[in-house]
Amino acid sequence: WALTPITDIYQALVPQVLRKGIHNAFVNIDAPVRITNALLQGRPKASGIALGRFVTNSTLGLGGLFEAGERIGLEKQSADFGMTLAKWGTPQGPYMIFPLLGPTTLRDGTGMGVDFMMQPVSWVIGPLPGMVVGMGKDFSRREQHFLELASLRDASLDFYSALRSAFLQDRAGLVAES
(Lines give C-alpha, C1' and ligand atoms only; values in the text may rest on other atoms or scores of the structure.)
Protein backbone atom coordinates (compact mmCIF):
# COMPACT_ATOMS: atom_id res chain seq x y z
CA TRP A 1 0.00 0.00 0.00
CA ALA A 2 2.91 2.37 0.62
CA LEU A 3 5.09 1.56 -2.39
CA THR A 4 2.36 1.64 -5.04
CA PRO A 5 1.80 5.44 -4.85
CA ILE A 6 5.56 6.03 -4.71
CA THR A 7 6.01 3.81 -7.77
CA ASP A 8 3.21 5.67 -9.59
CA ILE A 9 4.89 9.02 -8.90
CA TYR A 10 8.33 7.68 -9.89
CA GLN A 11 6.95 6.34 -13.18
CA ALA A 12 5.15 9.61 -13.87
CA LEU A 13 8.20 11.80 -13.20
CA VAL A 14 11.08 9.70 -14.54
CA PRO A 15 11.11 8.70 -18.22
CA GLN A 16 11.21 4.96 -18.97
CA VAL A 17 14.65 5.11 -20.58
CA LEU A 18 16.11 6.74 -17.45
CA ARG A 19 14.33 4.26 -15.15
CA LYS A 20 15.82 1.41 -17.20
CA GLY A 21 19.28 2.96 -16.95
CA ILE A 22 18.95 3.33 -13.18
CA HIS A 23 17.83 -0.29 -12.92
CA ASN A 24 20.77 -1.41 -15.09
CA ALA A 25 23.20 0.48 -12.82
CA PHE A 26 21.78 -1.23 -9.73
CA VAL A 27 22.10 -4.63 -11.43
CA ASN A 28 25.69 -3.77 -12.38
CA ILE A 29 26.54 -2.84 -8.77
CA ASP A 30 25.53 -6.39 -7.75
CA ALA A 31 27.94 -8.03 -10.21
CA PRO A 32 30.63 -8.85 -7.60
CA VAL A 33 28.00 -10.81 -5.65
CA ARG A 34 27.01 -12.77 -8.77
CA ILE A 35 30.66 -13.40 -9.69
CA THR A 36 31.47 -14.75 -6.21
CA ASN A 37 28.31 -16.85 -5.88
CA ALA A 38 28.77 -18.43 -9.30
CA LEU A 39 32.24 -19.53 -8.15
CA LEU A 40 30.82 -20.85 -4.86
CA GLN A 41 28.29 -22.84 -6.90
CA GLY A 42 31.08 -24.41 -8.95
CA ARG A 43 30.26 -22.47 -12.12
CA PRO A 44 33.52 -20.79 -13.19
CA LYS A 45 32.26 -20.12 -16.74
CA ALA A 46 29.20 -18.25 -15.40
CA SER A 47 31.47 -16.32 -13.04
CA GLY A 48 33.73 -15.34 -15.94
CA ILE A 49 30.76 -14.20 -18.03
CA ALA A 50 29.46 -12.15 -15.09
CA LEU A 51 32.92 -10.59 -14.70
CA GLY A 52 33.05 -9.79 -18.43
CA ARG A 53 29.59 -8.17 -18.26
CA PHE A 54 30.63 -6.16 -15.20
CA VAL A 55 33.77 -4.82 -16.85
CA THR A 56 31.98 -4.12 -20.14
CA ASN A 57 28.93 -2.49 -18.55
CA SER A 58 31.07 -0.48 -16.13
CA THR A 59 33.23 0.94 -18.92
CA LEU A 60 31.39 0.94 -22.25
CA GLY A 61 28.02 1.04 -20.48
CA LEU A 62 28.93 4.15 -18.46
CA GLY A 63 28.83 2.62 -15.01
CA GLY A 64 26.16 0.14 -15.96
CA LEU A 65 23.56 2.62 -17.22
CA PHE A 66 23.60 0.82 -20.57
CA GLU A 67 23.65 -2.94 -21.26
CA ALA A 68 26.84 -3.01 -23.34
CA GLY A 69 27.65 -6.58 -22.22
CA GLU A 70 24.39 -7.95 -23.56
CA ARG A 71 24.97 -6.24 -26.90
CA ILE A 72 28.25 -8.11 -27.38
CA GLY A 73 26.73 -11.47 -26.44
CA LEU A 74 27.50 -11.79 -22.73
CA GLU A 75 24.36 -13.36 -21.25
CA LYS A 76 22.95 -12.28 -17.91
CA GLN A 77 23.97 -14.59 -15.08
CA SER A 78 21.91 -15.33 -11.98
CA ALA A 79 23.75 -16.19 -8.79
CA ASP A 80 23.04 -15.19 -5.21
CA PHE A 81 23.84 -16.78 -1.87
CA GLY A 82 20.33 -18.20 -1.52
CA MET A 83 20.96 -20.14 -4.73
CA THR A 84 24.40 -21.13 -3.42
CA LEU A 85 22.83 -22.49 -0.23
CA ALA A 86 20.31 -24.41 -2.37
CA LYS A 87 23.15 -25.90 -4.43
CA TRP A 88 24.82 -26.96 -1.18
CA GLY A 89 21.62 -28.78 -0.16
CA THR A 90 20.10 -26.31 2.31
CA PRO A 91 16.29 -26.66 2.44
CA GLN A 92 14.31 -23.54 1.57
CA GLY A 93 12.50 -23.26 4.90
CA PRO A 94 9.30 -21.31 5.42
CA TYR A 95 8.02 -18.66 3.02
CA MET A 96 7.61 -15.13 4.39
CA ILE A 97 7.10 -11.57 3.25
CA PHE A 98 9.20 -8.79 4.75
CA PRO A 99 7.94 -5.20 4.56
CA LEU A 100 9.80 -3.31 1.83
CA LEU A 101 11.98 -6.35 1.00
CA GLY A 102 9.16 -8.52 -0.31
CA PRO A 103 8.80 -12.30 -0.48
CA THR A 104 11.53 -14.71 0.52
CA THR A 105 12.20 -17.99 2.27
CA LEU A 106 14.39 -18.58 5.29
CA ARG A 107 17.20 -19.80 2.99
CA ASP A 108 16.91 -16.89 0.56
CA GLY A 109 16.49 -14.34 3.35
CA THR A 110 19.71 -15.61 4.92
CA GLY A 111 21.27 -15.41 1.48
CA MET A 112 20.19 -11.77 1.15
CA GLY A 113 22.04 -10.97 4.36
CA VAL A 114 25.21 -12.71 3.17
CA ASP A 115 24.94 -11.04 -0.24
CA PHE A 116 24.65 -7.67 1.50
CA MET A 117 27.83 -8.40 3.47
CA MET A 118 29.61 -9.42 0.22
CA GLN A 119 28.46 -6.24 -1.53
CA PRO A 120 31.50 -3.98 -2.09
CA VAL A 121 29.26 -0.90 -1.90
CA SER A 122 28.66 -1.74 1.78
CA TRP A 123 32.41 -1.82 2.39
CA VAL A 124 33.16 1.41 0.53
CA ILE A 125 30.40 3.67 1.83
CA GLY A 126 29.44 1.77 4.98
CA PRO A 127 26.55 -0.48 6.00
CA LEU A 128 23.87 2.20 6.49
CA PRO A 129 24.39 3.92 3.11
CA GLY A 130 24.78 0.43 1.65
CA MET A 131 21.31 -0.41 2.96
CA VAL A 132 19.94 2.71 1.25
CA VAL A 133 21.54 1.58 -2.03
CA GLY A 134 20.05 -1.88 -1.45
CA MET A 135 16.58 -0.40 -0.89
CA GLY A 136 16.99 1.62 -4.08
CA LYS A 137 17.94 -1.55 -5.94
CA ASP A 138 14.93 -3.40 -4.52
CA PHE A 139 12.60 -0.51 -5.36
CA SER A 140 13.98 -0.39 -8.91
CA ARG A 141 13.44 -4.14 -9.33
CA ARG A 142 9.88 -3.78 -8.02
CA GLU A 143 9.25 -0.88 -10.40
CA GLN A 144 10.53 -2.92 -13.36
CA HIS A 145 7.94 -5.64 -12.52
CA PHE A 146 5.16 -3.31 -11.39
CA LEU A 147 2.73 -4.25 -14.17
CA GLU A 148 3.24 -8.00 -13.70
CA LEU A 149 2.68 -7.63 -9.96
CA ALA A 150 -0.50 -5.60 -10.53
CA SER A 151 -1.76 -8.18 -13.05
CA LEU A 152 -1.11 -11.01 -10.60
CA ARG A 153 -2.94 -9.10 -7.86
CA ASP A 154 -5.91 -8.34 -10.14
CA ALA A 155 -6.16 -11.86 -11.59
CA SER A 156 -5.89 -13.84 -8.37
CA LEU A 157 -8.54 -14.71 -5.83
CA ASP A 158 -5.87 -15.08 -3.16
CA PHE A 159 -2.99 -12.69 -3.91
CA TYR A 160 -0.81 -14.04 -1.08
CA SER A 161 -1.06 -17.62 -2.40
CA ALA A 162 -0.50 -16.51 -5.98
CA LEU A 163 2.55 -14.45 -5.01
CA ARG A 164 3.95 -17.32 -2.92
CA SER A 165 3.48 -19.76 -5.79
CA ALA A 166 5.06 -17.40 -8.34
CA PHE A 167 8.00 -16.64 -6.06
CA LEU A 168 8.70 -20.27 -5.18
CA GLN A 169 8.45 -21.37 -8.82
CA ASP A 170 10.77 -18.58 -9.93
CA ARG A 171 13.37 -19.44 -7.28
CA ALA A 172 13.14 -23.17 -8.08
CA GLY A 173 13.71 -22.36 -11.76
CA LEU A 174 16.74 -20.19 -10.99
CA VAL A 175 18.27 -22.89 -8.78
CA ALA A 176 17.63 -25.56 -11.43
CA GLU A 177 19.29 -23.40 -14.12
CA SER A 178 22.40 -22.76 -12.04
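Report on the accompanying structure. For clarity, every value in this text was computed on a predicted model and none was experimentally measured.

## Brief notes about the overall build of the protein
Regarding its fold elements, the protein presents 11 helices and two strands. Of the regular secondary structure in the protein, the N- to C-terminal order runs α-α-α-α-α-α-β-β-α-α-α-α-α. The globule rule puts the C-alpha radius of gyration for 178 residues at 16 Å, and the 17 Å found for the protein is close to it. Projected onto its principal axes, the C-alpha positions of the protein cover 45 × 45 × 35 Å. Looking at the 178 residues of the protein, the share that counts as buried comes to 38%. Across the protein, contacts joining residues at least 24 apart in sequence account for 60% of those joining residues at least 6 apart. Counting only carbon and sulfur atoms, one obtains 70% of the accessible surface of the protein, whose full area is about 10300 Å².

## What about the packing of aromatic side chains?
By the definition in use, this model includes four aromatic pairs. A centroid spacing of 5.7 Å and a plane angle of 90° characterise the contact between Phe81 and Trp88, whose relative ring orientation is edge-to-face. With relative accessibility at 49%, the residue Trp88 sits in the partly exposed group. Measuring from centroid to centroid gives 5.6 Å for Tyr95 and Tyr160, while their planes differ by 70°, and the two rings are edge-to-face. One end of the pair, Tyr95, is in strand 1 (residues 95–98); the other, Tyr160, is in helix 11 (residues 159–177), and 65 residues separate them in sequence. Assessed through its relative accessible area of 14%, Tyr95 is described here as buried. Chaining the aromatic ring pairs together yields one cluster made of Tyr95, Tyr160 and Phe167. Above the face of the Phe159 ring, Arg153 is positioned so that its terminal group lies 5.8 Å from the ring centre.

## Let's talk about helix 7 (residues 106–118)
With 13 residues, helix 7 should cover 18 Å at 1.5 Å per step; its first-to-last C-alpha distance of 18 Å lies within 8% of that length. Listing the buried residues of helix 7 in full gives Arg107, Asp108, Gly111, Asp115 and Met118. Looking down the long axis of helix 7, one finds its buried residues gathered within 85° of arc, a one-sided arrangement. Buried residues in helix 7 make contact with helix 3 (31–40), helix 6 (81–87), strand 2 (102–105), helix 8 (120–125) and helix 11.

## Details of helix 9 (residues 127–144)
The end-to-end C-alpha distance of helix 9, which contains 18 residues, comes to 25 Å, matching closely the 26 Å that a straight helix rising 1.5 Å per residue would cover. Along helix 9, the positions that sit buried rather than exposed are Gly130, Asp138, Phe139, Ser140 and Glu143.

Definitions and limits used
Residues numbered from 1 in each chain as written. Predicted model: local features only at pLDDT ≥ 70, side-chain atom pairs only at ≥ 80, totals over all residues. Heavy atoms only, no water. Helix = DSSP H or I, 4+ residues; strand = E, 2+ residues; numbered from the N terminus. Rg over C-alpha atoms; globule rule 2.2 N^0.38 Å. Buried < 20%, exposed > 50% of the residue type's maximum accessible area, 1.4 Å probe, protein only. Contact = heavy atoms within 4.5 Å. Areas by Shrake-Rupley, 256 points an atom, 1.4 Å probe, with all protein chains shown as cover. Phe/Tyr/Trp six-rings, centres within 6.5 Å; stacked < 30°, edge-to-face > 60°. Lys NZ or Arg CZ within 6 Å of the ring centre and 35° of its normal. Expected span 1.5 Å × (residues − 1). Arc of directions from axis to C-beta.

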